[in-house]
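Chain by chain, the residues:
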Number of protein chains: 6
Amino acid sequence: MPYKTIKTAEENGTGFIYFDREDRLNTITVEMINEISSALSDMESTCRSIVIGGKKNFSAGADVLQFPELNPSEAYEFHRKLNELALYFREYTWPVISFLNGYVFGGGLELSLSTDIRVCSRDAQLSQPEIGLGINAGAGGNVILPHVVGRNRALYMILTGARLNAQTAYEFGLVDILAGNALEEATRIGQVINTKPENTVKLAKRAVNNTSSSHIKTNLDYEAALFGILFSGQDTKDRINNFIKKKEK
Amino acid sequence: MPYKTIKTAEENGTGFIYFDREDRLNTITVEMINEISSALSDMESTCRSIVIGGKKNFSAGADVLQFPELNPSEAYEFHRKLNELALYFREYTWPVISFLNGYVFGGGLELSLSTDIRVCSRDAQLSQPEIGLGINAGAGGNVILPHVVGRNRALYMILTGARLNAQTAYEFGLVDILAGNALEEATRIGQVINTKPENTVKLAKRAVNNTSSSHIKTNLDYEAALFGILFSGQDTKDRINNFIKKKEK
Amino acid sequence: MPYKTIKTAEENGTGFIYFDREDRLNTITVEMINEISSALSDMESTCRSIVIGGKKNFSAGADVLQFPELNPSEAYEFHRKLNELALYFREYTWPVISFLNGYVFGGGLELSLSTDIRVCSRDAQLSQPEIGLGINAGAGGNVILPHVVGRNRALYMILTGARLNAQTAYEFGLVDILAGNALEEATRIGQVINTKPENTVKLAKRAVNNTSSSHIKTNLDYEAALFGILFSGQDTKDRINNFIKKKEK
Amino acid sequence: MPYKTIKTAEENGTGFIYFDREDRLNTITVEMINEISSALSDMESTCRSIVIGGKKNFSAGADVLQFPELNPSEAYEFHRKLNELALYFREYTWPVISFLNGYVFGGGLELSLSTDIRVCSRDAQLSQPEIGLGINAGAGGNVILPHVVGRNRALYMILTGARLNAQTAYEFGLVDILAGNALEEATRIGQVINTKPENTVKLAKRAVNNTSSSHIKTNLDYEAALFGILFSGQDTKDRINNFIKKKEK
Amino acid sequence: MPYKTIKTAEENGTGFIYFDREDRLNTITVEMINEISSALSDMESTCRSIVIGGKKNFSAGADVLQFPELNPSEAYEFHRKLNELALYFREYTWPVISFLNGYVFGGGLELSLSTDIRVCSRDAQLSQPEIGLGINAGAGGNVILPHVVGRNRALYMILTGARLNAQTAYEFGLVDILAGNALEEATRIGQVINTKPENTVKLAKRAVNNTSSSHIKTNLDYEAALFGILFSGQDTKDRINNFIKKKEK
Amino acid sequence: MPYKTIKTAEENGTGFIYFDREDRLNTITVEMINEISSALSDMESTCRSIVIGGKKNFSAGADVLQFPELNPSEAYEFHRKLNELALYFREYTWPVISFLNGYVFGGGLELSLSTDIRVCSRDAQLSQPEIGLGINAGAGGNVILPHVVGRNRALYMILTGARLNAQTAYEFGLVDILAGNALEEATRIGQVINTKPENTVKLAKRAVNNTSSSHIKTNLDYEAALFGILFSGQDTKDRINNFIKKKEK
């Protein structure tokens, strides 16, 4: 199946999904979300673990070019698309391991929170810069992040948009493991998991997610609705347009 | 408005609240709680972020001189006053950033847990010493602290009253950021937040607090009720009186 | 009371429970669970704190020799025994401090999660290797661990069975304090707690556990039921038998 | 204090708040919400119970004349105003008893859910008709109602806008007590409560509300955000305008 | 699409799913679950409400003929199939209205709990008889039922297998509405809902389900795991086989 | 084993516990709580269901003669004793069926909430009159009752102390079944349950209680702490003493 925004491969029981919009810093589009979902679905019967990421950058976040025309209902629906992918990672039968290179920003970082294991390159940079555009984070940036780094550090990241280096991200618990070569380490972890009995892998992941995520679905939708609300503000619209104009120069 | 226990200032959209009972190590009194609340309320319409703390010490905890005469109902009500301030920080429209210098003990540390972002000076000392007086912690020292540092490290701090240095506090996640000059760094963070669109700041803080605090109000009141119960014990009364006598010498 | 699998002592108000199956790496049996419970119960009226662990190794996990004959109902009941001990630690009147030496694996590590304070020797090794046997973890390895180290790091440990050194365990928040001599440090902590007023120690522990564990009992039983389910799989049975055969050579 | 939309009285320790827009069927405006809050606040120190309602009708819901001009942010803020009153009823020191006459529709019914005790006249009619206008219910019509009548009966009411008579409302648990004269019975209940010791009344109400409402605040805000989202839909706008035109003829 | 176990129709925007195994009292098989799911999926784009049930009987429960050969893992998976249909009803875009005729037993009754609105014929009989076979209920019979009728009445039904008539079921809140002709009344309700604006119907259902079901998914899986556990008991096996033999005579 | 405050019997697998302080209207003492616990423990291995109640009256509540001397800590501990019995009913292996005759007041009613099935005589009277004495209810009267009858009806009962007849209690869901002879009906239900396979009875009860009670233990302790707090008020003390004096005349 030929994809436009990702490349895929399967090796020794591990499915690889490489984001392939490096010219746009792997910013996330609806098409890309659909292709990732579709690739995951295809790999479910033949793979036992998934490795996902971008070779140069993980992702600089949602592609802002999609935003200027959205009314609040459409913004809410867009956010729900992102949430669905996050929930799909969590409910997917097999472990999803992300490798984090380069920019891991906004929607990119937020999606990584819902992968099962996060391997971070030592020179990655991580940030939730959405506030600068007048929007709130998606895919759990407000409602999952506090469970990952604590309420206070989450607020620090969310309200300032501060850029963290890999070491600080590790200290905050924002990533699980630091590695010189994140793709190699993620692949190694996938291979280890592939040697484990598949029914146990499945049930162990299920037990963890079922018991640590009870309110997450509701909270994600609440977050999405607030995201929609923010799209009725002129300040948000102006900031989005300014951001796009600056980039285009 | 002239305050007795705090000093206030406003600069570039940030409100500053300085504790001003350094001769008593900024120990917290009901008057001081009322004045902090009142200052926050006054600043709500003119400021966009709050920076709060003490120039030499954050606070050595609740002022024990208030305790000897309390019966359990009064102790419960005193604790609820402290809880109200903690909840006010959480529900306050704008981000509240604490800077932690010197002693950050007991009720002082506990209040800092409910500020949004905590910047800690490298030479601060942090502790929950209440157990030595026969009382339990207030403002979430039993029910919020475990969400911040984990159940086990919380029990270690609560049951031993151990004094942590800034580095350990950072490793525990008890503070968010270490800084040489905590006040300057807190001010800088406030300035960054002031550049962000105000409606988004407001909703982002709301989304985080609404979803990470669902049981906190109930738990705070449970904690307050146990605090009251402890005031009917002779051992607690004796320890409080001994503590006061020792200090007075 | 003469025990077969543990040794006990009482000193200055602290009860000591030493695991005493070092020839079997202190692997846990039903008899050992019963003896620990019984020792705790005996010490309740005379002690004010408990220190528990193994002098060379904490424990290499549940003794696998008990597993080959279990049907799913029996496996579920075995797991519930382990859960009961974990819940007993949490509900025990006095603080339970574990000292972690050598191997801290599987059921051993999981029990330590439910002690109140965990002191870790700098040369300890920590791991949840159950997945290699086709079983899921017990005593909270799926449902408490995510609250201790976060969902993602929990999945990393659970799905790969990776062995962590003490420093990484400390960074993950898997242990509370590192010490050169874990038993000495645990003893010192116990002594500090013994100087605190007993009613306050009791209520402070109760407040923390009541408010941070609301769903844990249900989640533990869910985990136990899944454990039972896994015992009907041939793969799990084979892995257990292979593991035992390899050990016996 | 002269109010425009309500009348107030105090008798034997009970405060009475009568809705006074009978010409508009006591439909709720922002002014009326503010006046009710203000009256409650004034009565707090002199009264021990509150009786609230309308002599002919409780309320036909929010006044739709306020809706045509609202954008999603403004709709969200309007809904939050209603939520604040509902939360104020719950957190108010003294019991709030509603007497339900005539039309008890939409926002009127929803506010009554958050009063403490609901006395219903035998000829009252109760309904959540919002769906017909393309909006969702406010003040808990989606998130509190299911706790009151069960998820299924809530959905029946919400999705069909069905009008219930008093007997069915009683069978559903939507009201607590049926009475020939609801105001008299509410007054009698208030008088009984006034004979009880005030501190106990206060703490008993607090214990019930703290423990049965843990997620309600978050859920109310989620509901409000969805309400805002719906205001960006043309269908909703058209239905509101048609409804107003029909009424004006 | 020709189905074997159900019949379907669409009329005025309502999709109808009629169970069509009346010779087997509409007992539920995996094939039937699959066909219902498939029919729902087909109707999603063309219908706005669903009416579901059996013309003579709703369903006498899961078809016991599937049980004798199941090991615990298979029993767990079977139960999960039923749970998935229950969750699908809840998450389905449009309202699902069940009409309850004749026997509404076991898995049949339990599935009806997860439909949105339940219309009950006055001569229906309702029961959870599973306990007589040594199995526990599926699709929420242990974990959703208590939310519907209260913990105590749930235990009464679950532990005795008592058969309730329609009037008692209504008084318990086990059904929402009594009707002479349940299919007609369910159809009428569907028609009313079809006149409402579709986006609002969708969001109102979402708000109710998101906020009233937070733990249901986890609880359903726990229930399923216990169901599996019970299949390792000889008593359960014997009771299932005896039941089948009796029926076959 | 000869008991002073209860009589016991075993018949056809059912254990019977009859309250035997009819001269004191079966008011509950610490001795009685201990004897009930002890009887339950004795019956666990020989019985499969329990029937519990009083032949003339269920119980008029806690025996007030125990109250005048209690300080807040002691009051808190007394309340915790009652809570422990309520939790023991819930966690007891076998179903506990209460039969409710005559007075079912205060602590008596509250204990019945935690039995599994409640059979009510048509001439019973039910009430939570504690408020009249200045105390709050025990054993869940504030924190379990709202789950049984809804928040509003709970507040009505708690704040007014209103006496309900059996029919209203049934309509509120406060009792499960009405019977002419409650003891006979309870016995019949016990006999039906005894015919069911014991492992299934055990797991079904466990599944229901585990999933519907997650916060109850914490909430019970919060309730107990508030109970203690109220004992430091003079008004409460006076009301208790007056009540006792009136009775003694």
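Residues numbered from 1 in each chain as written. Chains lettered and ligands numbered in written order. Predicted model: local features only at pLDDT ≥ 70, side-chain atom pairs only at ≥ 80, totals over all residues. Heavy atoms only, no water.

As annotated in an unreviewed UniProt entry, chain A carries the name Enoyl-CoA hydratase/isomerase and comes from Ferroplasma acidarmanus Fer1. The UniProt entry for chain A carries this comment under Sequence similarities (unreviewed entry): "Belongs to the enoyl-CoA hydratase/isomerase family." (UniProt positions renumbered as here; feature names shortened; annotations may be inferred.)

*Asks:* How would you summarise the nonpolar core if you had to cite specific residues and measurements?
*Replies:* Judged by nonpolar contacts, the single largest core of 207 residues is most densely connected at Leu126 and Leu174 of chain A, Leu174 of chain B together with Leu174 of chain C. What Leu174 of chain B contacts, discounting residues up to four positions off in sequence, is Leu109, Leu113, Arg118, Leu126, Leu145, Val148, Val149, Met157, Leu164 and Ala169 of chain B. Residues Ile131 and Leu145 of chain D together with Ala86 and Cys120 of chain E belong to the second largest nonpolar core, which totals 205 residues. (Core = buried A, V, L, I, M, F, W, Y, C linked by side-chain atoms within 4.5 Å. Buried < 20%, exposed > 50% of the residue type's maximum accessible area, 1.4 Å probe, protein only. Contact = heavy atoms within 4.5 Å.)

*Asks:* Give a detailed account of the sheet that holds strand β2 (residues 14–19) of chain E, specifying residues and quantitative values.
*Replies:* All names here are of chain E. Read from one edge to the other, the open sheet built from six strands follows the order β1-β2-β3-β4-β6-β9, with strand pairing classed as mixed. Unpaired on one side and paired on the other, β1 (6–11) and β9 (177–179) mark the two borders of the sheet. Mean inter-strand twist for the sheet, computed between neighbouring axes without regard to direction, equals 20°. When β1 meets β2, the two strands line up antiparallel, connected through six bridges. Paired with Glu11 across the two strands is Thr14, which belongs to β2. (Pairing = 2+ DSSP bridges. Helix = DSSP H or I, 4+ residues; strand = E, 2+ residues; numbered from the N terminus. Axes fitted to C-alpha atoms, helices over the stretch in contact; angles between N-to-C directions.)

*Asks:* Go over the relation of the copies chain B and chain C with me, naming the residues and quoting the values.
*Replies:* Superposition of chain B onto chain C requires a rotation of 120° combined with a translation of 0.0 Å along the rotation axis, giving an RMSD of 0.0 Å. On the angle and the small slide along the axis, the relation comes out as a three-fold axis. Within chain B, the C-alpha atom positioned nearest to the axis of rotation is that of Glu171 of chain B, 4.2 Å from it. (Least-squares fit on C-alpha atoms with pLDDT ≥ 70 in both.)

*Asks:* Give a detailed account of empty space enclosed by the protein, specifying residues and quantitative values.
*Replies:* Residue and element names in this part refer to chain B. Considering all chains together, one arrives at 17 cavities of 30 Å³ or more under this definition. Each pocket or cavity is described by its volume, and for the largest cavity that value is around 70 Å³. Residue lining of the largest cavity: Phe19, Ile28, Met32, Ile36, Ile52, Phe58, Phe89 and Leu111, and that is the complete set. (1 Å grid on protein atoms, 1.4 Å probe; cavity = no way out; pocket = protein on both sides within 12 Å on 5 of 7 lines; lining within 4 Å. Points joined across faces, edges and corners; volume = space filled by probe spheres on them.)

*Asks:* Run through the environment of Gly141 of chain F, naming residues and quoting values.
*Replies:* Residue and element names in this part refer to chain F. The residue Gly141 is located in the loop between β7 (125–127) and α4 (145–149) in this model. By relative accessible area, Gly141 is classed as buried at 0%. For Gly141 and Asn12, which are 129 residues apart along the polypeptide, the C-alpha to C-alpha distance reads 33 Å.

*Asks:* I'd like to hear about helix α1 (residues 30–43) of chain F, residue by residue, with values.
*Replies:* All names here are of chain F. With 14 residues, α1 should reach 20 Å at 1.5 Å per residue; the first-to-last C-alpha distance of 20 Å fits that figure. Taken together, the buried positions of α1 are Met32, Ile33, Glu35, Ile36, Ala39, Leu40 and Met43. Down the axis of α1, the buried set is contained in an arc of 165°. They therefore lie on one face. Tucked into the core, α1 has its buried residues touching β1 (6–11), β2 (14–19), β3 (49–53) and α2 (72–91). (Expected span 1.5 Å × (residues − 1). Arc of directions from axis to C-beta.)

*Asks:* So what's going on with the interface of chain E and chain D? Which residues, and what values?
*Replies:* Taken together, the contact between chain E and chain D spans 34 residues of the former and 27 residues of the latter. Here chain E and chain D share an interface that buries about 2500 Å² over both sides, 63% of which is from carbon and sulfur atoms. One salt bridge connects Asp176 of chain E with Arg153 of chain D, and the closest N-O pair in it is separated by 3.9 Å. At the surface where chain E touches chain D, the tally comes to 13 residue pairs in polar contact (both at pLDDT 80 or more). Of the residues forming the side of chain E that touches chain D, the biggest block, 13 residues, is contributed by helix α8 (residues 198–212) of chain E. (Buried area = accessible area lost by both parts, 1.4 Å probe. Salt bridge = Lys/Arg side-chain N within 4 Å of Asp/Glu carboxyl O. Polar contact = N/O pair within 3.5 Å; in protein donor to acceptor, adjacent residues only side chain to side chain.)

*Asks:* Break down the packing of helix α2 (residues 72–91) of chain A against helix α3 (residues 106–114) of chain A for me, with residues and values.
*Replies:* Each packed pair of helices is defined by two parameters, the angle between the axes and the distance between the axes. All names here are of chain A. The contact between α2 and α3 brings their axes to 8 Å, and the two run at 30°. One element, α2, and the other, α3, form an angle in the roughly parallel class. For α2 against α3, the interelement crossing comes out right-handed. Taking contact as the criterion, the partners of Leu82, Leu85, Ala86, Phe89 and Arg90 in α2 are, on α3, Gly107, Leu111, Leu113 and Ser114. Class assignment for the residues of the contact of α2 with α3 results in six nonpolar, two polar and one charged. (Parallel < 35°, antiparallel > 145°, perpendicular 65-115°, else oblique. Left-handed = near helix turned anticlockwise from the far one by under 90°. Nonpolar A, V, L, I, M, F, W, Y, C, P; charged D, E, K, R; others polar.)

*Asks:* Residues and numbers for the domain arrangement of chain A, please.
*Replies:* Assigned domains of chain A: these are domain 1 (6–195) and domain 2 (198–248). Centre-to-centre, using C-alpha coordinates, domain 1 of chain A lies 11 Å away from domain 2 of chain A. (Domains from an automatic or database assignment.)

*Asks:* If you had to explain the pattern of salt bridges to someone new, which residues and values would you point to?
*Replies:* All names here are of chain A. Following the criterion strictly, the structure yields 60 salt bridges over all chains and no others. Asp116 is paired through a salt bridge with Lys205; the nearest N and O atoms lie 2.7 Å apart. Here Lys205 lies in helix α8 (residues 198–212) and Asp116 lies in the loop between α3 and β6 (117–121), a separation of 89 residues in the sequence. For the pair Asp116 and Lys205, one class covers both residues: buried. Each of Arg21, Arg24 and Asp63 takes part in salt bridges that share partners, so that together they form one network.

*Asks:* Which residues make up the interface of chain B and chain C, and what values do they have?
*Replies:* How big an interface is tends to be stated in terms of accessible area lost as the parts join. The interface of chain B with chain C comprises 27 residues on the first partner and 34 residues on the second. Across the interface of chain B and chain C, roughly 2500 Å² is buried in total on both sides, 63% from carbon and sulfur atoms. Taken together, the links from chain B to chain C amount to two salt bridges. Put simply, Arg151 of chain B and Asp116 of chain C hold a salt bridge, and the shortest N to O gap is 3.3 Å.

*Asks:* How would you summarise the pairing of strand β2 (residues 14–19) of chain B if you had to cite specific residues and measurements?
*Replies:* Residues and elements named next belong to chain B. In terms of burial, β2 is largely enclosed, as six of its six residues are buried. Neither face of β2 is exposed, since Thr14, Phe16 and Tyr18 on one face and Gly15, Ile17 and Phe19 on the opposite face are all buried. Here strand β1 (residues 6–11) hands over to β2 after two residues, with Asn12 in that stretch at a positive phi of 50°. Note: β2 against strand β3 (residues 49–53), five bridges, orientation parallel. In the sheet register, Ile17 faces β3, and the bridge partner there is Ile52. For the segment spanning β2, helix α1 (residues 30–43) and β3, crossover handedness is right-handed. (Right-handed = clockwise from strand over helix to strand, strands pointing away.)

*Asks:* Tell me about the pairing of strand β4 (residues 96–100) of chain E, residues and numbers included.
*Replies:* Residue and element names in this part refer to chain E. In terms of burial, β4 is a largely internal element, five of the five residues being buried. Side chains Val96, Ser98 and Leu100 of β4 all project onto a buried face; the interleaved residues Ile97 and Phe99 project onto the opposite face, where all are buried too. Relative to β4, strand β3 (residues 49–53) is paired through four bridges, and the arrangement is parallel. Considered in β4, the bridge of Gly53 is made with Phe99. Taken together, β3, helix α2 (residues 72–91) and β4 constitute a β-α-β crossover, and its handedness is right-handed.

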